[in-house]
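This is what each chain is made of:
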Amino acid sequence: IAQPLEPGPGPPERAGGGGAARWVRLNVGGTYFVTTRQTLGREPKSFLCRLCCQEDPELDSDKDETGAYLIDRDPTYFGPILNYLRHGKLIITKELAEEGVLEEAEFYNIASLVRLVKERIRDNENRTSQGPVKHVYRVLQCQEEELTQMVSTMSDGWKFEQLISIGSSYNYGSEDQAEFLCVVSRELNNSTNGIVIEPSEKAKILQERGSRM
């Protein structure tokens with residue numbers, strides 16, 4: 001639970017008194033968060049557990065007039081930290097930068113969350129580096145009798161896109177030889193570490209036929 005900074009009563013004590021209160025009030029950068037010691041204690045080596053959950057705390061912190069622990073950190077990024085301790089899931093809204101959550105996870109020394117955020121950042125970087133799929137197109141000119149052979153010999157990722165009839169350009173005896181334009185494409189991703197793989201002989205034949213245009 002987060003709310004703007006307004007003085008108010010501290011967290012309720014357990015019935016019967018004695019021992020630490022179950023509820024904890026945190027003042028993070030001017031914003032109040034209310035949670036339980038059980039939630040903060042889920043990461044025993046974390047800053048929050050060492051501050052709030054030990055009978056003899058390893059860390060010391062000033063408290064404000066409501067009894068809330070004062071923590072000088074950005075409250076915007078504390079929400080994902082606290083929610084992770086509550087349910088074990090990393091939820092980052094589109095308004096927040098993953099690097100900001102990582103910075104806070106490292107400050108609060110929540111090792112499992114640090115690993116999770118780093119994995120998400122790495123996955124996003126890998127998707128970005130792949131980029132959109134690009135295509136290279138070629139237009140091949142052929143006669144009707146060459147169509148079957150040309151299509152059957154296409155390989156190396158070449159894909160038929162469109163066939164366009166351009167009429168009859170030649171006349172042998174009494175038979176017209178129909179002419180076609182055949183549009184083919186291939187994904188432009190045949191590279192490894194920036195080194196383009198040379199096309200095979202079949203691909204070269206397609207390229208040579210296309211040069212007749």
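Residues numbered from 1 in each chain as written. Predicted model: local features only at pLDDT ≥ 70, side-chain atom pairs only at ≥ 80, totals over all residues. Heavy atoms only, no water.

(A) Fine view of the packing of aromatic side chains. Summed over the entire model, instances satisfying the criterion amount to five aromatic pairs. Geometrically, the ring pair formed by F33 and F78 is edge-to-face, given 4.8 Å between the ring centres and 65 degrees between the ring planes. Here F33, found in strand β3 (residues 31-36), pairs with F78, found in helix α3 (residues 78-87); they are 45 residues apart in sequence, far enough to count as distant. By the burial criterion, F33 is buried, and F78 matches it. For the pair F47 and F107, a centre-to-centre distance of 5.3 Å together with 45 degrees between the ring planes defines the contact as tilted. Remark: F107 occurs in helix α4 (residues 98-107) and F47 occurs in helix α2 (residues 47-52); sequence separation between them is 60 residues. Overall, the relative accessible area of 33% leaves F107 in the partly exposed class. Across the ring face of Y69, the terminal group of K63 is positioned such that the distance to the ring centre comes to 4.6 Å. Across from the ring centre of F107, 3.9 Å away, lies the NZ or CZ of R73, which sits over that ring. (Phe/Tyr/Trp six-rings, centres within 6.5 Å; stacked < 30°, edge-to-face > 60°. Helix = DSSP H or I, 4+ residues; strand = E, 2+ residues; numbered from the N terminus. Buried < 20%, exposed > 50% of the residue type's maximum accessible area, 1.4 Å probe, protein only. Lys NZ or Arg CZ within 6 Å of the ring centre and 35° of its normal.)

(B) Region of interest: the confidence of the model for the protein. Across the protein, pLDDT averages 77, with 71% of residues at or above 70. Mean pLDDT values for the elements of the protein range from 42 in strand β9 (residues 195-196) up to 96 in α4. Contacts from residues 190-200, a stretch scored under 50 in pLDDT, to residues over four places away or in other chains number 10 contacts. (pLDDT = per-residue confidence, 0-100. Contact = heavy atoms within 4.5 Å.)

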